[in-house]
Amino acid sequence: MAVVQRITSRNARFQQWQALLGNRSKRQRAGEFLVQGVRPITVAVEHGWPVRALIHDAERPLSRWAQDLLRTTRADRFAMSSELLAELGEKEQAAPELVAVLELPADDLGRIAVGDDFLGVLFDRPTSPGNIGSVIRSADAFGAHGVVVTGHAADVYDPRSVRASTGSLFALPAVRVPSHREVTAWLDGERALGRPVTVVGTDENGTADVFDVDLTGPVLLLVGNETAGLSAAWRELCDRLVRIPMSGSASSLNAANAATAVLYEASRQRIAAGSRSR
């Protein structure tokens with residue numbers, strides 16, 4: 001049986017984990033981040049994410065799920081008081097039953113598989129971690145193959161993003177890149193291999209309604225910053241700019257909602273095309 005290490009104070013290791021919650025630079029240097037919740041941890045383990053440590057509540061009986069996870073997952077084990085665990089779980093009252101320390105994956109666009117049915121989402125300079133997680137969740141729900149986050153942006157591995165993704169972060173690749181240059185080189189490489197990815201940007205002043213544009217081929221959907229929209233560099237790289245038609249008083253949608261609407265339309269078109277081909 002694995003040795004359980006007990007943490008009874010806010011020692012150096014506890015402080016290191018706590019720093020991962022709010023400090024992107026420390027997450028990057030340590031190469032790890034914290035995850036809580038039955039579904040997110042379960043999905044992470046099922047998809048083979050390396051687990052460095054499992055931290056559980058030392059003051060209450062563990063559920064069958066937690067017991068099985070501790071027994072079957074190769075990771076360092078730690079037990080701590082409910083009070084300390086609540087701090088890592090960022091909860092004022094009830095502590096999470098278990099917190100996992102996961103290894104950060106490489107920010108490599110090669111993690112995203114591009115095939116004939118490719119559907120990807122690129123989020124340009126998002127400022128809200130929650131919006132990142134929501135976009136990842138929608139991308140997963142509607143069959144996308146990956147999410148790219150570009151520029152000076154909120155962090156994919158911020159706890160608020162991880163929570164908002166409800167586990168989808170671990171089911172499809174989410175890659176951070178500094179600028180449009182890395183993505184342009186990646187797309188050029190895919191096109192050279194015979195995979196002509198169409199870049200479709202979303203904009204309230206787009207030249208066509210989204211349902212009038214063919215989204216059944218390999219497509220990368222671009223969603224802009226919550227305030228400023230797509231940058232000029234991305235607009236220049238778009239093959240099409242589409243708008244979401246609206247009949248109410250709102251002139252635009254929240255970035256995550258806009259991404260969800262366009263992803264739904266891409267999924268609808270692909271399902272309809274598949275039905276016609278049978």
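Residues numbered from 1 in each chain as written. Predicted model: local features only at pLDDT ≥ 70, side-chain atom pairs only at ≥ 80, totals over all residues. Heavy atoms only, no water.

> Where do I start with helix H1 (residues 12-22) in this structure?
In an α-helix, one turn spans 3.6 residues; hence positions three or four apart end up facing the same way. Residues of H1 that are buried include every one of Phe 14, Trp 17, Ala 19, Leu 20 and Leu 21, and no others. The residue sitting at the N-terminus of H1 and contributing the capping side-chain oxygen is Asn 11; that oxygen lies 3.2 Å from the backbone nitrogen of Arg 13. (Buried < 20%, exposed > 50% of the residue type's maximum accessible area, 1.4 Å probe, protein only. Helix = DSSP H or I, 4+ residues; strand = E, 2+ residues; numbered from the N terminus. Polar contact = N/O pair within 3.5 Å; in protein donor to acceptor, adjacent residues only side chain to side chain.)

> Is there a simple way to think about the pattern of salt bridges in this case?
Pairing between side chains of opposite charge can happen when the charged atoms of each approach one another. Per the counting criterion, the structure on display carries 19 salt bridges. Asp 158 is the salt-bridge partner of Arg 160, the closest N and O atoms lying 3.0 Å from each other. When its relative accessible area of 48% is taken as the criterion, Arg 160 is described as partly exposed. (Salt bridge = Lys/Arg side-chain N within 4 Å of Asp/Glu carboxyl O.)

> What is the right way to look at the sheet that holds strand E3 (residues 51-57) in this model?
Strand pairing within a sheet occurs via backbone hydrogen bonds; the two strands may be parallel or antiparallel. Read across the sheet, 5 strands follow the order E1-E4-E3-E5-E2 without closing on themselves; strand pairing throughout is mixed. Looking at strand neighbours, the two that pair on one side only are strand E1 (4-7) and strand E2 (32-36), the edges of this open sheet. The sheet shows a mean angle of 25° between the axes of neighbouring strands, taken without regard to direction. On top of the sheet, helix H4 (residues 64-72) reaches E3, strand E4 (76-80) and strand E5 (98-103); it is set at about 35° to E5, its chief contact. (Pairing = 2+ DSSP bridges. Axes fitted to C-alpha atoms, helices over the stretch in contact; angles between N-to-C directions. Contact = heavy atoms within 4.5 Å.)

> Would you take a moment to explain the pairing of E2 for this structure?
Consecutive side chains along a regular strand alternate between the two faces of the sheet. The buried count for E2 comes to 5 of 5 residues, which makes it a mostly enclosed element. Looking at chain direction, E2 and E5 are connected through 5 bridges and run antiparallel. Residue pairing in the sheet places Leu 34 in a bridge with Val 101 of E5.

> Looking at this structure, I do not really get the pairing of strand E7 (residues 146-150). What am I missing?
Of all 5 residues making up E7, 5 are buried, and the element is well covered by its neighbours. Residue alternation in E7 divides its side chains into two sets, Gly 146, Val 148 and Thr 150 and Val 147 and Val 149, and both sets are buried. Summarising the sheet, E7 and strand E8 (residues 174-177) pair through 4 bridges and their orientation is parallel. The partner of Val 148 across the bridge, within E8, is Val 175. Handedness of the crossover is the feature at issue here: the chain leaves E7, passes through helix H7 (residues 159-165), returns alongside E8, and the resulting connection is right-handed. (Right-handed = clockwise from strand over helix to strand, strands pointing away.)

> I tried to follow the environment of Glu 182 on my own but got confused; where do I start?
The residue Glu 182 is located in helix H8 (residues 180-192) in this model. Residues within four places of Glu 182 in sequence aside, it is in contact with Leu 109 and Val 177. A distance of 2.9 Å separates a polar atom in the side chain of Glu 182 from a polar atom in the side chain of Ser 179.

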